[in-house]
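# Fold and geometry: a report
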Amino acid sequence: MPRTELFPPLDPYQTGLLQVDAIHTLYWEQSGNPRGVPVVFLHGGPGAGASPTHRRFFDPSHYRIVIMDQRGAGRSTPLGEIRDNTTDHLIADLEQLRTELGIERWHVFGGSWGSTLGLAYAQAHPERCISLMLRGIFLMRRSEIQWFLYHMRTIFPEAWANFSNFLPAEERGDLLESYYRRLTGSDYGMRMAAARVWSVYEGACSTLLPSPELLSASGEDTHALGLARIEAHYFRNNLFTPENRLLEGLGRIRGIPAVIVQGRYDIVCPIATADELHRAWPEADYVIVPDAGHSAMEPGIRAALVAATEKFKHLA
């Protein structure tokens, strides 16, 4: 039977800072086997940052595990910075880090926004990808953003009420613009208050069953500010052109071994998007977890992701 449990906690054997321009400096780390097969972990959000738990999806005796906090996220600086922060910048950052670390090709593992970035990176640089392991598919289309902002209330009305009611009644007709003004304004207290409400809203909708641990983490200052500011920025300014660019570009990656893992009851990134991706890309393995929502930490999602990293061990 394939392994389905996370690997034991481990520390990185190397950490560093990569200055990618005059504004942004990115945190990166390596753990596992220095001579192993490289895999890069792409965190979600955008803006959520990575955590020590993310190292544990990979067998440290086999994989050289590379993790980077994307622009404005986690341990990268400046926190929450939205200047010069686009998908194309993040793709270029991955290439700069890959070159810096002397890696020729690597596995690409990403969930939620990480699946978006993984698809975009692979389509830009297919020759650098050994495999793609994608979870909780998000294609950055207007309909998906509108779902997040307005229609998750169909399932989580109380969480959405908290999200919406943070704003004055006269500003609730355009939640994105109203939050964006607060998240990018000069009032630090207002920025943090808006960021916490935004982040906790997402966290409350991310699991099939309530998770006090996830809600607590969602309200933490660094996580909340990076996530809310950068998500609002991307939702407002970084839509793909054409909107279906990631679906239309599948011909460039069709031959890369891939697995799509999707929770049946994912409310943040509903299964309809993963289903659409798989129908356009039938060569990819498609794993529907019947008793899970969005979070990578839910037992069924976690097990399917570890199984995927084990399955692709034969590729190098």
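Residues numbered from 1 in each chain as written. Predicted model: local features only at pLDDT ≥ 70, side-chain atom pairs only at ≥ 80, totals over all residues. Heavy atoms only, no water.

## Structural notes on the overall build of the chain
Along the backbone of the chain there are eleven helices and eight strands. Judged by the C-alpha coordinates and their principal axes, the chain covers about 55 × 45 × 40 Å. Sorting the 316 residues of the chain into buried and exposed places 58% on the buried side. Accessible surface, the chain: about 12700 Å² in total, of which carbon and sulfur atoms supply 53%. One finds the centroid of the 30 positive side-chain charges in the chain at a distance of 2 Å from the centroid of its 36 negative side-chain charges. (Helix = DSSP H or I, 4+ residues; strand = E, 2+ residues; numbered from the N terminus. Buried < 20%, exposed > 50% of the residue type's maximum accessible area, 1.4 Å probe, protein only. Areas by Shrake-Rupley, 256 points an atom, 1.4 Å probe, with all protein chains shown as cover. Lys, Arg positive; Asp, Glu negative; His and termini not counted. Charge placed at Lys NZ, Arg CZ, Asp CG, Glu CD.)

## Examining helix α5 (residues 175-183)
Of all the nine residues making up α5, seven are buried; the element is thus mostly covered by neighbouring parts of the structure. Tucked inside the fold, the buried residues of α5 contact α3 (142-149), α4 (157-165), α6 (188-204) and α8 (221-237). (Contact = heavy atoms within 4.5 Å.)

## Points about a nonpolar patch on the surface
Side chains of Leu208, Leu209 and Tyr265 sit close together on the surface and give an oily, nonpolar patch of about 320 Å² of accessible area. Summarising the element assignment, Leu208 is placed in the loop between α6 and α7 (212-218). (Patch = residues over 30% accessible without salt bridge, like charges linked within 9 Å, V, L, I, M, F, W, Y side chains within 5 Å. Salt bridge = Lys/Arg side-chain N within 4 Å of Asp/Glu carboxyl O.)

## Overview of the packing of α4 against α6
Relative to each other, α4 and α6 sit at 170°, their axes nearing to 9 Å. Looking at the two axes, α4 sits roughly antiparallel to α6. Across the interface between the two elements, Ala159, Trp160, Asn162 and Phe163 from α4 touch Val197, Trp198, Tyr201 and Ala204 from α6. Of the residues that constitute the contact of α4 with α6, the class distribution is seven nonpolar, one polar and no charged. (Axes fitted to C-alpha atoms, helices over the stretch in contact; angles between N-to-C directions. Parallel < 35°, antiparallel > 145°, perpendicular 65-115°, else oblique. Nonpolar A, V, L, I, M, F, W, Y, C, P; charged D, E, K, R; others polar.)

## Some details on the packing of α6 against α8
Across the interface, α6 lies against α8 with an axial gap of 8 Å and an inter-helix angle of 85°. With respect to each other, α6 and α8 are oriented roughly perpendicular. On α8, the residues that touch Arg191, Met192, Ala195, Arg196, Trp198, Ser199 and Glu202 of α6 are Asp221, His223, Ala224, Leu225, Leu227, Ala228, Arg229, Glu231, Ala232 and Phe235. Per-class residue counts for the contact of α6 with α8 are nine nonpolar, two polar and six charged.

## Some points on unusual backbone geometry
Residues Gly45 and Pro46 are joined by a peptide bond in cis, for which omega reads 5°. When you line up the elements, Pro46 lands in the loop between β3 (37-42) and β4 (63-68). A cis amide bond, omega -5°, links Thr77 with the succeeding residue Pro78. Within the element layout of this structure, Pro78 appears in the loop between β4 and α1 (87-100). With phi around 45°, Asp84 is a residue other than glycine that occupies positive phi space. Mapped onto the elements of the fold, Asp84 is located in the loop between β4 and α1. In this structure, Ser112 takes a positive phi of about 60° despite not being glycine.

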